[in-house]
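Okay, here's what each chain looks like letter by letter:
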Amino acid sequence: MLLQALSGEVRVTVRVDNRAEVVVALEGRDSEGQWGATAQPTDAIVEQREGEDGWWRSSVVTVEVQQAVLIWVEDGVFATEPPVVGYADDCGILFVAPREEAEALSVSTVTGAACDRWSAPLDLTPPAELVGLTARIAARWSGDCVDLRIEVGEGPGGRRSTPMSRVCGLAERVRAAAADGEGFVPQAAAPVILPVLREGGAIELRMGGDYRMNAAVGGRILPTDCGVQLERGFRSVWQHRYEGEACGWASLDRILELDDGPVPEDVLDEQQYEVYDWEYDVTSNLLGSGWTRSITFERAQEIVDAIYADFYGASDGAPRVMIAPEDQQFTGAYDSGRHVILLTPSGVRPYVVIHEAAHAMLRLSLAAANAYYLESRHGPVFGALMIALWTRYAEGFDPEAARAFAGVYGVKLDHLFPIEPSGDEQTRRAVREALGVAELGGRGE
């Protein structure tokens, strides 16, 4: 059985036939965006299954799709297939959109020492060849509903499952068909995009009709109305979501968890990279653009001085903010021996300054009681302090949402704030003014 779905987009359809049997099929979407082509597996009647995992599985259908453009992270940088001539991943952010009036894609990346400008667009021509994928429908009864997913690939160990969807209202249809012998028109489940099998996961892009582009991760369809902007973290890939006719900022969505992220050099700092990704998600979704914008070194020093005045009554003991050496691995670092914060040009941003100030504060406050923080480590107490700082300096900040985000990223948090500020509303506001968010609210838009 062969189904052509050149866009890669398919959906399961469910119908009750005149023998009161629930029958499934696969429906494909063509390159022009039209549904219609349907293939029914040889074994298509859904059975109740007990034990094991409870899933019934159909016989195999071969689905022919257009080869996708693949984007993934390899050795810490974005890679593409096919390769893009002239492409360089300097800052870990790229944007892909259909090129106007051509069956091609346009790729741009963020570049510059401060990661503050976009490169000229580069052309990427999607592959022309077709790929045949073997797929089977998996179904599981759940009361009046049937859960559905598509399993793609060869053999139990080599299959990947698309996201699950559900069709409901079947019990009444089965009873009616049994009573009068009449069947029912199919009901369609949520569409998915069949994945190309690639270890570790990849973003798949395909061109459709009218210069459209569709995108997916593991079968899950991504919004593309405003193009696809991707950013890589240490263990994550995010999509920047923009919506509406004006393509306004909506959210930062984590779409891939990287299996082969870096290992911390300090074995005691086991959640270092998880904390980095968690903080960036919190900053983008709960704080906003005011916290991620580029600032001057002078402004960065003002922020650190104001925080020390708010917590300790004076800025005399605040660390100095300095330019990082060219070989520094991270955009920000706290040197506890010299008591200085070292920032690269791309790291001179409020959220990075707050992070490094937190390291310095823990060394001052906890060194006698906890030698762990003599080094710049990212344990549960550090995470708790970050929440305390965000709560104090971002109007309307939701600490419970930040804790929920921590669970998503596997970040362990202490339940108690390790340091209490000695200042008042005036010193608190001085920090917010230094951050540049005093008039912008918690989201900093």
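Residues numbered from 1 in each chain as written. Predicted model: local features only at pLDDT ≥ 70, side-chain atom pairs only at ≥ 80, totals over all residues. Heavy atoms only, no water.

Q: Explain the sheet that holds strand 8 (residues 77–81) to me, using residue names and the numbers behind them.
A: Across the sheet, which stays open at both edges, the 5 strands sit in the order 8-7-19-20-21 with antiparallel pairing between neighbours. Each edge of the open sheet is held by one strand with a lone partner, namely strand 8 and strand 21 (220–222). Averaged over all pairs of adjacent strands, the angle between their axes in this sheet comes to 30°, without regard to strand direction. The pairing of strand 19 (residues 203–207) with strand 20 (residues 213–217) spans 5 bridges and is classified as antiparallel. Across the sheet, residue Leu 205 finds its bridge partner in strand 20, namely Ala 215. (Pairing = 2+ DSSP bridges. Helix = DSSP H or I, 4+ residues; strand = E, 2+ residues; numbered from the N terminus. Axes fitted to C-alpha atoms, helices over the stretch in contact; angles between N-to-C directions.)

Q: I'd love a proper account of the packing of helix 3 (residues 272–287) against helix 6 (residues 380–393), names of residues and values included.
A: For the pair helix 3 and helix 6, the least separation of the axes is 12 Å and the interaxial angle reads 15°. Considering the angle they form, helix 3 stands roughly parallel to helix 6. Where helix 3 crosses over helix 6, the handedness of that crossing is right-handed. Residues Val 275, Trp 278, Glu 279, Val 282 and Leu 287 of helix 3 form the contact with helix 6, whose own contacting residues are Phe 382, Gly 383, Met 386, Ile 387 and Trp 390. (Parallel < 35°, antiparallel > 145°, perpendicular 65-115°, else oblique. Left-handed = near helix turned anticlockwise from the far one by under 90°. Contact = heavy atoms within 4.5 Å.)

Q: Provide a residue-level description of the environment of Val 24, including the pertinent values.
A: When you line up the elements, Val 24 lands in strand 3 (residues 22–29). Note: C-alpha distance between Val 24 and Gly 183 (159 residues apart in sequence) is 13 Å. Excluding its chain neighbours within four sequence positions, the residues that come into contact with Val 24 are Val 12, Thr 13, Val 14, Gln 40, Pro 41, Ala 44, Val 46, Trp 56, Ile 137 and Leu 148.

Q: Any chance you could break down the state of the cysteines for me, citing the residues and the numbers?
A: Applying the stated criterion across every chain yields a total of 3 disulfides. Paired through a disulfide, Cys 91 and Cys 115 show a sulfur-sulfur distance of 2.1 Å. Here the S-S torsion is close to -85°, and the disulfide linking Cys 91 with Cys 115 is therefore left-handed. Taken together, the residues span a long stretch of sequence, with Cys 91 in the loop between strand 8 and strand 9 (93–98) and Cys 115 in the loop between strand 10 (105–111) and strand 11 (117–118) at a distance of 24 residues. Note on Cys 91: relative accessible area 17%, which makes it buried. Since its relative accessible area comes to 25%, Cys 115 is described here as partly exposed. (Disulfide = S-S within 2.5 Å. Buried < 20%, exposed > 50% of the residue type's maximum accessible area, 1.4 Å probe, protein only.)

Q: I'd like a rundown of the sheet that holds strand 25 (residues 320–323), residues and numbers included.
A: Strand order across the open sheet formed by 3 strands is 25-27-26, with mixed pairing between neighbours. Among the strands making up the open sheet, the edge pair consists of strand 25 and strand 26 (332–335). Going from strand to strand, the sheet's axes swing by 25° on average, the running direction of each strand aside. Two strands pair when backbone bridges link them, and strand 25 and strand 27 (residues 340–343) are joined in this way by 4 bridges, in the parallel orientation. Each residue of the ladder has a partner; that of Val 321, found in strand 27, is Ile 341. In the packing of helix 4 (residues 297–312) onto the sheet, the strands contacted are strand 25 and strand 27, and the crossing angle to strand 25 comes to about 155°.

Q: Outline the pairing of strand 14 (residues 145–152), listing residues and values.
A: Along strand 14, 8 of the 8 residues are buried, which leaves the element largely enclosed by surrounding structure. Direction of pairing for strand 13 (residues 130–142) relative to strand 14: antiparallel, over a ladder of 8 bridges. Bridge pairing in strand 14 links Ser 142 to Cys 145. Linking two consecutive strands that pair antiparallel, namely strand 13 and strand 14, is a turn of 2 residues; a positive phi of about 65° is found at Gly 143 within it. Relative to strand 16 (residues 165–167), strand 14 runs antiparallel, the two sharing 3 bridges.

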